[in-house]
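An overview of the molecular structure
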Amino acid sequence: MPFGNTHNALKMKYASSEEYPDLSQHNNHMAKILTPAIYERLRSKQTPSGFTLDDVIQTGIDNPGHPFIMTVGCVAGDEETYEVFKELLDPIIEDRHGGYKPTDKHKTDLNPNNLKGGDDLDPNYVLSSRVRTGRSIRGFCLPPHCSRGERRAVEKMSVEALDSLSGDLKGKYYALKNMTDAEQQQLIDDHFLFDKPVSPLLLASGMARDWPDGRGIWHNDTKTFLVWVNEEDHLRVISMQKGGNMKEVFNRFCTGLTKIETLFKDKGTSFMWNGHLGYVLTCPSNLGTGLRAGVHVKIPNMSKHAKFEEVLKRLRLQKRGTGGVDTAAVGGTFDISNADRLGFSEVELVQMVVDGVKLLVEMEKKLEKGQSIDGIMPTQK
Amino acid sequence: MPFGNTHNNFKLNFKVEEEYPDLAKHNNHMAKVLTKDMYAKLRDKQTPSGFTLDDVIQTGVDNPGHPFIMTVGCVAGDEESYEVFKDLLDPIISDRHSGYKPTDKHKTDLNFENLKGGDDLDPNYVLSSRVRTGRSIKGYTLPPHNSRGERRAVERLSVEALDTLDGEFKGKYYPLNKMTDAEQEQLIADHFLFDKPVSPLLLGAGMARDWPDARGIWHNDAKSFLVWVNEEDHLRVISMEKGGNMKEVFRRFCVGLKRIEETFKKHNHGFMWNEHLGYVLTCPSNLGTGLRGGVHVKLPKLSTHAKFEEILGRLRLQKRGTGGVDTASVGGVFDISNADRLGSSEVDQVQMVVDGVKLMVEMEKKLEKGEAIDGMIPAQK
C-alpha cells in the first residue's frame, strides 16, 4: 500500500459539503447517481494505486452534458476502482446497462460459428463493417491514471505479443512518436490513424497525458486487423473491411483476439476480466464485451423518418456520425452499432447488428419507393 | 491527472529510465533544464499537500513548444513547490529571469509616486493602458492542484475583502456560475470577462478543473479596477483605462492593491511572498512582481521594421497580440508590456514600459514621415 494519498487527506479537512461538486447544470450518469451522502462515504477511500473518488468523477464534473448522447461522466483508473467505488459505480452500471444488477453474471462468447448470417448485407447501402473491443492488461493502471513507466510497459508487452502473430494476421507496429510522414499519411488514408483525443470528455480524465509517448498502431499486412495501443484503453482491437460482410469481419475478430489472449497468457499476463463485469475497461460504458460492432450505412430517408429513433431503440442499436463518437453524420451516412456492452455476449451483440441493419436497409429501400414501413416495425429486443 | 495525488510511490516501482519523459521534441524552459539525474533525485519527493515532480512538469511534457514564446513548461501547486523542487525550479528561474540567482533578493516598490512621467503617451497611438499582477493567498494550494473546497474558500475570502472597498474602489462581484446573460454581455463588452482557458498550456496543468465553480470577476463601479478570482492564480488584480495615461493606471493599481492587502491582513490572511522570490504565483514566469504593465499601441510601421524585435529586446519589452497571451496582433496594433517580473521592482518595470512605449511611438511617427530611426535605437537596458 503506498504511503498515502496526501492531497486526498488534505481535502478531508474540508467538510464534505464544501468539497461536493456543483452538478446543478449537469446531465450525465454520474450526476444522476452521485449524492452528498455517497460522496461523504467514498471521499476518504482510494484504490491501492491511489485513485480517488475525485479522480473517478472529474471528467463528469468538467463536462456537464453532451448534445447527442448521455455520457457516463466517470472513469476507472485501475481494476480495483470498480470494487472500491462500487457504491457509486454499481448504480451507474445498472442505469447505463439496461438494469444490470450487482449480482448478475456476464457471459463471454467469442465463437464466430454461433453467428447466423451476416455475410449478405447489401454493399450498395452498407459501405463498411467493423468490430472493435478493448482489453486491459492486469496489474497495470488504466489510461486516466497510469504513469509513463506503466504505459511504456504495456506498449512493450503488447508489441511483443503482436509481433508473434502469423499468417493473415502477420503485421507491424507503428509507434506514434517514431512515425515518418509517409507512414502517417498512409495510415490516415487507410483510416487507421488515431490522433491525440480532442474530446473534452477524454481530455478531462487525464488519458492524453504525455502524448504521444507509449502510443501506437499495429496492423496486419492486409490492413483488416488492427490494434491501438494506449489510446482510451490499453488495447483496442479492431477488425474492419469495406462492404457488408460482417460475418467475415467477426470471424477475423474472434480468431485474432483469441490468438492475442493466448500469447499474453503464455507470457504470464492476463486481461482484466471477472464473472460479473466481464472485460474491465476504462469507461464503465465499455464493460462486459467492450464490443462495438457497426457499419457505415446510407440511410438518408430512414434517418429522417419520424420513427428512426424508435426503431433504433427497439433494435438495441445506436447511431453515431461517421467520425465516431462525438461527431455528426455526413450525407445521410450513419455509423450504426450495438448499444449494449454488458449482459449480452459478443455473438448476441453482433447478431443484433446484423439483423438490425438488414432491417434498416429494407426500410430504406421501401421509403425510396415511397412505401410505408409501418408493417415492418420491429418489436423491442 | 495532477488533481489526485496520483500514486507517486507506486511509480517508484519503475526505474528512472522507464519514467523519465521523452523531451526530444521539446523546447521549453523545463525541457532545457531537466535531466535524468535531477528527475531521479526529485521523483520521490512531494510537498506537504502532495504535489509531485510529475505534477510540476506535466504541462511541459504535454506541450512541447510554442510558436511565439519560450514557454516555462512547469507550474507550482503550492508555496512549497518552489522549495521542495528548487533543484529544478532555481535553474529555470535563473534562465527565465535573466540570470537571477538562488541567493538574489527581490525588491517590492508599490509607491506610485516614484514613477516619472507616464501621463502623456499619445492617445492617437496608445489606445489603452493596463497593469496587472497576481496574488496567492497563503495557506491554500494553487490552481493546478487545489480542491473545490479550497477554491471556494479562496473565493469567499476574496469577496469578503473586496466587498469592504469603498470610494473609487467600491464595486461588485460576479460569480461565473451565476451570471445572467445580460451581465455576461456587459462584461464581454467591457473586455472584462475571462472565459474557461482554451490554451493547452493552462489546461495541461489542471487549472480548469471544476469550471466555472468558484470563479468570478469583481470590478469597481467606474470599471477601471478589476479582480479575477481563481483563474490562473488565486487573484489577478487589474487596473486599466482607455488612452495613454499609464501614470493614473499605475496610481490606481498601487492604491487598490494596498487596500486589498490590508484587508486580507486584517482577516489574518497574508499573501504568499518571500524576499527571494517576491510574490509567489502559479507560473514561475510571474514570480517577483507578477506585474505586466502594458499598452495596446498602433505600430504598423515599426512592427514591420527589421529592427523591431531588437528594439523590444533592448527595451526589455515583450509583444503579444491584442487578445493577450497566445494570440496574434490585429491591424498593426500590438500589446507591448514589460518582459521582466523578477529582480526589478513594480516601479522599475512600469517605468520601462512608459519610457519604451514613448520611444516606440516617436519611432513610428518618424517612419510615417519616411525618416530613418537608426539614430534612435536604444542601448540595452
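Residues numbered from 1 in each chain as written. Chains lettered and ligands numbered in written order. Predicted model: local features only at pLDDT ≥ 70, side-chain atom pairs only at ≥ 80, totals over all residues. Heavy atoms only, no water.

**Regarding the overall build of chain B**
This is how the line gets drawn: Strands are runs of DSSP state E lasting at least 2 residues, helices are runs of H or I lasting at least 4, and numbering of each runs from the N terminus. For the radius of gyration, the atom set is restricted to C-alpha positions; the globular benchmark scales as 2.2 Å times the number of residues to the power 0.38. Remark: exposure states derive from per-residue accessible area (1.4 Å probe, protein chains only) relative to the maximum for the residue type, with buried under 20%, exposed over 50%, and partly exposed in between. Contact definition: two residues touch when any of their heavy atoms are within 4.5 Å. Accessibility throughout is a Shrake-Rupley quantity obtained with a 1.4 Å probe, and a residue counts as covered only by protein chains that appear here. Think of it this way: Lys and Arg go in the positive column, Asp and Glu in the negative one, and His and the chain ends go nowhere. Here the site of a charge means atom NZ of a Lys, CZ of an Arg, CG of an Asp or CD of a Glu.
Within chain B, the secondary structure is distributed over 13 helices and 10 strands. The C-alpha atoms of chain B give a radius of gyration of 21 Å, which matches the 21 Å a tight globule of 381 residues would have. Principal-axis analysis of the C-alpha atoms places the extent of chain B at approximately 70 × 45 × 40 Å. Within the span of chain B, comprising 381 residues, buried residues form 60% of the whole. Across chain B, contacts joining residues at least 24 apart in sequence account for 74% of those joining residues at least 6 apart. Element-wise, carbon and sulfur atoms account for 51% of the exposed surface of chain B, whose accessible area totals about 15000 Å². Looking at chain B, you have 52 positive and 57 negative side-chain charges, and the mean spots of the two groups are 2 Å apart.

**Overview of the sheet that holds strand 1 (residues 126–135) of chain A**
All names here are of chain A. As a reminder of what qualifies: Each pair of strands is called paired provided DSSP finds at least two bridges between the two strands. Axes, fitted as lines to C-alpha atoms, cover a helix only where it is in contact. Angles between the N-to-C directions of the axes lie from 0 to 180 degrees.
Strand order in the open sheet made by the 8 strands is 2-3-4-5-1-8-10-9, with antiparallel pairing throughout. Strands at the two margins of the open sheet, each flanked by one partner only, are strand 2 (171–175) and strand 9 (317–320). The average undirected angle you get between the axes of adjacent strands in this sheet is 20°. In this sheet, strand 5 (residues 235–242) lies alongside strand 4 (residues 225–229) in antiparallel orientation, the contact comprising 5 bridges. When the sheet's bridge partners are listed, Trp228 is paired in strand 5 with Arg236. Each of strand 9 and strand 10 (333–338) is contacted by helix 13 (residues 308–315), which is oriented at about 130° to strand 9, the strand it contacts most.

**Focus on the packing of aromatic side chains**
To keep it simple, the criterion reads: Two rings from Phe, Tyr or Trp (for Trp, the six-membered ring) form a pair when their centres are within 6.5 Å of each other. A pair whose planes differ by under 30 degrees is stacked, one over 60 is edge-to-face, and the rest are tilted. Only when the NZ of Lys or the CZ of Arg is both within 6 Å of the ring centre and within 35 degrees of the ring normal is a charge said to sit over the ring.
Enumeration over the complete set of coordinates arrives at 15 aromatic pairs over all chains. Plain terms: the ring middles of Phe308 of chain A and Phe334 of chain A are 5.7 Å apart, the flat faces sit at 70° to each other, and that makes the pair edge-to-face. Of this pair, Phe308 of chain A sits in helix 13 while Phe334 of chain A sits in strand 10, and the two are 26 residues apart along the sequence. Look at Phe308 of chain A and you get buried, because its relative accessible area is 3%. Aromatic rings pair up to connect Phe194, Trp211 and Trp228 of chain A into one cluster. Over the ring of Tyr279 of chain A we find Arg135 of chain A; its NZ or CZ atom is 3.4 Å from the centre of that ring. Over the face of the ring belonging to Tyr279 of chain B we find Arg135 of chain B, whose NZ or CZ atom lies 3.4 Å from the ring centre.

**Focus: the pattern of salt bridges**
Selection rule: Just to be clear on terms, a salt bridge is a Lys or Arg side-chain nitrogen sitting within 4 Å of an Asp or Glu carboxyl oxygen.
Throughout the structure, instances matching the rule amount to 54 salt bridges over all chains. For Asp54 of chain A, the salt bridge identified is with Arg148 of chain B, shortest N-O distance 2.8 Å. With one member in each of two chains, Asp54 of chain A in helix 5 (residues 53–62) and Arg148 of chain B in helix 8 (residues 148–163) form a pair that bridges those chains. Arg148 of chain B carries the same exposure label as Asp54 of chain A, and that label is buried. What you see here is one network of salt bridges that share partners, running through Lys11 and Asp54 of chain A together with Arg148, Arg151 and Asp210 of chain B.

**Re the sheet that holds strand 3 (residues 216–220) of chain B**
Residue and element names in this part refer to chain B. Spatial strand order, 2-3-4-5-1-8-10-9: 8 strands in an open sheet with antiparallel pairing. Each edge of the sheet is formed by a strand with only one pairing partner; in this case those strands are strand 2 (171–175) and strand 9 (317–320). On average, each strand axis in the sheet is tilted by 20° relative to the strand beside it, whichever way the strands run. Across the sheet, helix 12 (residues 308–315) lies against strand 9 and strand 10 (333–338), angled at about 130° from strand 9, the strand it touches most.

**Section: helix 13 of chain A**
Residues and elements named next belong to chain A. Formally: It is the directions from the helix axis to the C-beta atoms whose arc is reported.
Buried within helix 13 we find Phe308, Val311, Leu312 and Leu315. Mapping the buried residues of helix 13 onto a view down its axis gives an arc of 100°, with all of them on the same face. In this structure, the buried residues of helix 13 make contact with helix 12 (300–304), strand 9, strand 10 and helix 14 (346–368). Looking one or two residues past helix 13, Arg316 carries a phi angle of roughly 60°, positive in sign.

**Observations regarding the nonpolar core**
Quick note on the threshold: Joining through side-chain atoms within 4.5 Å is the link that ties buried Ala, Val, Leu, Ile, Met, Phe, Trp, Tyr and Cys residues into a set, and such a set is a nonpolar core.
Core analysis: the biggest nonpolar cluster contains 63 residues, and Val227, Met246, Met302, Ile336 and Leu360 of chain A have the highest contact counts within it. With 12 residues, helix 14 of chain A is the largest single contributor of residues to this core. With residues up to four places along the chain from it excluded, the contact list for Met302 of chain A reads Phe308, Val311, Leu360, Met363, Glu364, Leu367 and Ile373 of chain A. Judged by nonpolar contacts, the second largest core, of 60 residues, contains Phe169, Phe253, Val361 and Met363 of chain B.

This is a description of form; function is not addressed.
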